[in-house]
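# A closer look at the structure
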Amino acid sequence: MSFLKNLNPEQVEAALHNEGPMLILAGAGSGKTTVLVARAGRMVDEKIVRADSLCVLTFTNKAARELKHRVGAKLGRAGDKIWAGTFHSFGLMLLKEYGHTLGLPKRFSVVDQRDAEDIIKELMADLKHHEKKSFDTETLLQRISSWRETGQRAAKSEDAYEEATEWLLPRYESRLQKLALVDFDGLLLEPIKLLENPEIAPQVQGMFSQVMVDEFQDTNPVQMKLLKKLTKEHKNLTVVGDDDQAIYGWRGACVSNILEFPKTFKGCKVVRLERNYRCAPPILNLANAVILKNTTRHDKVLKACGTFLEEKMPELFVFEAETDEAEWVAQEIETARRDGVPLDDMALLYRSNGQSGWFEAELRRLNIDYKVSGGTSFFDRREVRDCLAFLRCAFRPHDVAFRRILNLPPRGIGEKTYEKIQAIADESHMSFVDAARSFSKMEGDPKTSSAVNQLFEFLAAINAAVMTKDKPGEAFADELLRIGYKDHLRTISAEAASGDKRWKAVDIFGTFLNRHFSTRERTPKMLAQFLEYMELRDDGDDRDKTPKVSLMTLHACKGLEFGHVYLVGVEEDLLPHKTLGSDVQEERRLFYVGVTRAKRKLVLTRVKSRPRHGRRIQVVPSRFLTELPPGLIEVHESGRPLGEEGRQALLKSLYEKLNFNTP
């Protein structure tokens, strides 16, 4: 059988390689999975390697399943014997086989991130050197992970986290050993110990005569060390990746692994896959120009090889403020939907999750289905759901929302009070809200009844403020501030800064409310409409196959593709990010990844000003835009210019609203 059918010359070259190290530089949309499948299947089919002696390491179980499925479709059951899985699955497999040589019991357990954090919290209870609340558990675990990777055992400075890590590390490792546990780091570090044992190493190395690695640009130093030791004898290591898509340095990935691979493995064969089958030529021209500015990379230039009915130039739209940007993008998506573009063929990309709120609100207003990937929807955030519950209960309360806010912020109302109110509701056949109102007037339990009564007074104050104040959103936020909700957010957050960040969501919610009433009469009916827009939520059922627009960060979009891509907030301090993006070259790669998700249409947006620290400041375009040569992007200083058809549609809509007859 032929695994080489329909491959281009470079793909064939990679698929025909048999022995020795090989680096496949697979540009975006160049068909790297096809090459992996072809090479694995061909070598097994031609008996160059036994299926059970071929190991394919990936970063997701989904990728491993896809490879085995595609190889198995041609090879049959022989394909099932290929070992394919993640690095951590590989480590677990080795520890099950050889863990006893490291002192692990036969039935050890694996702990995930959350379990590991719980262990850290327990150990921190014995730390007397600092206030325990001053430490973030996740940060401590990251420090411990970094120390274990590099072999560090002592603090290098008087930094509180350094000192705490020095104290914690031996106790954390001791606790894991005592409880017969292995954490995710251990699934990589412990197998390395096996490969450093002269008696065990030959057995482990002999398990696989061919090793292949997908998404190699995402490997970290420990994974690289594991690979070098695993393939030390036969050197049959094939890695596939793209240094231009190395975007995970913040979580430990080391781009130098792929950059220096040809030097690390002498005699390495390098194959470049530069034919892009995804992006229209104008989009690819932009992508090539973007990434060319990076100085540390393997030389390659992608060439468009797809077939497109039309080739649209990428566009950049500039708006006055973020509200205009969000409203326009949502309307563009609605227009595309009316023109027949499926919602699930469109994506809205941004640098950080905090940017999604405005776009979610506008999509809800237009009743456009969407899903948030790689992060939490703005409207699923705890503080935003609290805001909706407070506003709902101030006008048209229902039991679910009222139960949510009855003791929010904490006002001494416990479970017994909830039970008493429910008992009144059951006996009198009334709603929980009405029962709470009756309870607030009872004299038998003055403290709690007074607390419930205060809540009703507060809800009445919200009603009055939203209906009468000039800016209803600010009035709403002021009322929440008055009852101590901001202090509550700080209390439940690990750090005060995190609480303030949560409060920012309350301010944004208030701005949504201002904007809603800026063009509408201030009536309960219009407020009910606002709540309806804002409360429209995906039920989270994975079985729901309804097409939805994808909203996601640039990190989350890697590996995906869409017909239409809207990449928003292309401004300095957002992209590259002022605080999150310490490595400008990685930020540029992130922008490149976003651009190369687009198949037919790419729209970029930016604004002229954004709110910062309570005031509006001017912002400038991203350097990734200003450094581009001219002629690659069409720039519009506002919305899309109207053609004759658009002008006629706009006039028709205007006449209909004015009850005029169209000419």
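Quick note: structure is the one above.
Everything in this summary refers to the structure shown in the same document. (Residues numbered from 1 in each chain as written. Predicted model: local features only at pLDDT ≥ 70, side-chain atom pairs only at ≥ 80, totals over all residues. Heavy atoms only, no water.)

Scanning the chain from N- to C-terminus turns up 27 helices and 19 strands. Expressed along its principal axes, the backbone C-alpha trace of the chain runs to roughly 80 × 75 × 50 Å. Expressed as a percentage of the 663 residues in the chain, the buried residues total 51%. Pairs at least 24 residues apart make up 76% of the contacts formed inside the chain by residues separated by at least 6 positions. As displayed, the chain has an accessible area near 32500 Å², and 48% of this comes from carbon and sulfur atoms. (Helix = DSSP H or I, 4+ residues; strand = E, 2+ residues; numbered from the N terminus. Buried < 20%, exposed > 50% of the residue type's maximum accessible area, 1.4 Å probe, protein only. Contact = heavy atoms within 4.5 Å. Areas by Shrake-Rupley, 256 points an atom, 1.4 Å probe, with all protein chains shown as cover.)

Our focus in this paragraph is the pattern of salt bridges. The final tally for this structure, using the stated rule, is 46 salt bridges. Put simply, Glu 10 and Arg 275 hold a salt bridge, and the shortest N to O gap is 2.9 Å. Of the two residues, Glu 10 sits in helix α1 (residues 9-15) while Arg 275 sits in strand β9 (residues 275-276), which places them 265 residues apart along the sequence. Arg 275 gets classed as partly exposed once you look at its relative accessible area, which sits at 29%. Put simply, Glu 383 and Arg 381 hold a salt bridge, and the shortest N to O gap is 3.0 Å. Arg 381 gets classed as partly exposed once you look at its relative accessible area, which sits at 23%. (Salt bridge = Lys/Arg side-chain N within 4 Å of Asp/Glu carboxyl O.)

This part takes up the sheet that holds strand β12 (residues 346-350). Ordered in space as β13-β14-β12-β15-β16-β11-β19, the 7 strands form an open sheet in which the pairing is parallel. Of all the strands in the sheet, just β13 (370-373) and β19 (634-636) have a single pairing partner and so form its edges. Geometrically, the sheet is characterised by an average inter-axis angle of 20° between neighbouring strands, direction not taken into account. Where strand β11 (residues 315-319) meets β19, 3 bridges bridge the pair, whose relative direction is parallel. In the strand pairing of β19, Glu 315 is matched with Glu 634. (Pairing = 2+ DSSP bridges. Axes fitted to C-alpha atoms, helices over the stretch in contact; angles between N-to-C directions.)

Our next topic: the sheet that holds strand β8 (residues 269-273). Taken together, the 6 strands give an open sheet; going across it, the order is β3-β2-β6-β7-β1-β8, and neighbouring strands pair in parallel fashion. Edge positions in the sheet fall to β3 (83-86) and β8, since each has one partner strand and no second. Averaged over all adjacent pairs, the angle separating strand axes in this sheet is 15°, with direction ignored. Here strand β1 (residues 22-26) runs beside β8; their pairing, made up of 5 bridges, is parallel.

Judged by nonpolar contacts, the single largest core of 81 residues is most densely connected at Ile 333, Phe 390, Leu 391, Phe 402, Leu 459 and Phe 476. It is helix α16 (residues 382-395) that provides the largest number of residues to this core, a total of 9 residues. Phe 476 has contacts with Cys 387, Phe 390, Leu 391, Ile 462, Val 466, Phe 509 and Leu 513, leaving out every residue within four places of it along the chain. Of all hydrophobic cores here, the second largest spans 40 residues; its members include Ile 283, Leu 284, Ile 291 and Phe 624. (Core = buried A, V, L, I, M, F, W, Y, C linked by side-chain atoms within 4.5 Å.)

Before going further, it helps to examine the packing of helix α13 (residues 281-291) against helix α25 (residues 584-595). At a minimum axis distance of 9 Å, the contact between α13 and α25 shows a crossing angle of 175°. One finds that α13 runs roughly antiparallel with respect to α25. Side by side, α13 and α25 meet where Ile 283, Leu 286, Ala 287, Val 290 and Ile 291 of the first sit next to Arg 588, Arg 589, Phe 591, Tyr 592 and Val 595 of the second. Residue classes in the contact of α13 with α25 are distributed as 8 nonpolar, no polar and 2 charged. (Parallel < 35°, antiparallel > 145°, perpendicular 65-115°, else oblique. Nonpolar A, V, L, I, M, F, W, Y, C, P; charged D, E, K, R; others polar.)

Extensive coverage of helix α8 (residues 186-195) is indicated by the burial of 9 of its 10 residues. Every buried residue of α8 is listed here: Gly 186, Leu 187, Leu 188, Leu 189, Glu 190, Pro 191, Ile 192, Leu 194 and Leu 195.

This part takes up the packing of aromatic side chains. Following the criterion strictly, the structure yields 22 aromatic pairs and no others. Pairing Phe 378 with Phe 512 gives two aromatic rings, centres 5.6 Å apart and planes at 70°, and the pair type is edge-to-face. Of this pair, Phe 378 sits in the loop between β13 and α16 while Phe 512 sits in helix α23 (residues 496-517), placing them 134 residues apart in sequence. For Phe 512, a relative accessible area of 4% translates into the label buried. Where Phe 476 meets Phe 509, the ring centres are 5.7 Å apart and the plane angle is 50°; that geometry is what we call tilted. (Phe/Tyr/Trp six-rings, centres within 6.5 Å; stacked < 30°, edge-to-face > 60°.)

Moving on, we come to the environment of Ser 609. Tracing the backbone through its elements, the reader meets Ser 609 in strand β17 (residues 609-612). Along the primary structure Ser 609 and Thr 101 are separated by 508 residues, whereas in three dimensions their C-alpha atoms are 62 Å apart. Leave out the neighbours within four places in its chain, and Ser 609 touches Glu 320, Ala 321, Glu 322, Arg 616, Ile 617, Gln 618 and Val 619. There is a polar contact of 3.2 Å between the side chain of Ser 609 and the backbone oxygen of Glu 320. (Polar contact = N/O pair within 3.5 Å; in protein donor to acceptor, adjacent residues only side chain to side chain.)

Bringing unusual backbone geometry into the picture now. The amide bond that connects Leu 408 to the next residue, Pro 409, takes the cis arrangement and shows omega of -10°. Look at the link from Leu 575 to Pro 576: it is a cis peptide, with omega at 5°. Tracing the backbone through its elements, the reader meets Pro 576 in the loop between β15 (562-567) and α25. Even without a glycine there, the phi angle at Lys 47 is positive, about 60°. Assignment of secondary structure puts Lys 47 in the loop between α2 (32-45) and β2 (54-58).

Of all the 10 residues making up helix α15 (residues 356-365), 9 are buried; the element is thus mostly covered by neighbouring parts of the structure. For α15, every residue scored as buried is listed here: Ser 356, Gly 357, Trp 358, Phe 359, Glu 360, Ala 361, Glu 362, Leu 363 and Arg 364.

Considering the arrangement of structural elements, one finds Val 49 in the loop between α2 and β2. On the basis of relative accessibility, which here comes to 5%, the residue Val 49 falls in the buried class. It is 9.2 Å that separates the C-alpha atoms of Val 49 and Asn 18, two residues lying 31 residues apart in sequence. Beyond its immediate sequence surroundings of up to four residues, Val 49 is in contact with Met 43, Val 44, Leu 54, Ser 209 and Gln 210.

The next subject is the state of the cysteines. Across all of its chains, the model carries 0 disulfides by this definition. In this structure Cys 254 is a free cysteine whose sulfur lies 17 Å from that of Cys 268, the closest cysteine sulfur available. (Disulfide = S-S within 2.5 Å.)

With that settled, consider the pairing of strand β18 (residues 615-618). Pairing of β17 with β18, which is carried by 4 bridges, proceeds in the antiparallel orientation. For Arg 610, the partnering residue across the bridge sits in β18 and is Ile 617. Here β17 folds back onto β18 in antiparallel fashion, the turn holding 2 residues, of which His 613 has a positive phi close to 55°.

What follows concerns the side chain of Glu 587. In this fold, Glu 587 is placed in helix α25. One polar contact links Glu 587 to Arg 351, side chain to side chain, over a distance of 2.8 Å. Looking at Glu 587, its side chain comes within polar contact range of the main-chain nitrogen of His 577, at 2.9 Å.

Across a regular strand the side chains alternate sides, sitting on one face of the sheet and then on the other. Of all 5 residues that make up β12, 5 are buried, and the element is covered over most of its length. Bridging between β12 and β15 involves 4 bridges; their strand directions are parallel. Looking at β15, one finds that Ala 347 is bridged to Val 565. The sheet contact formed by β12 and strand β14 (residues 549-553) spans 4 bridges and is parallel. What sits directly across from Leu 349, in β14, is Met 552.

Spatial relationships are all this shows, so hold off on functional conclusions.
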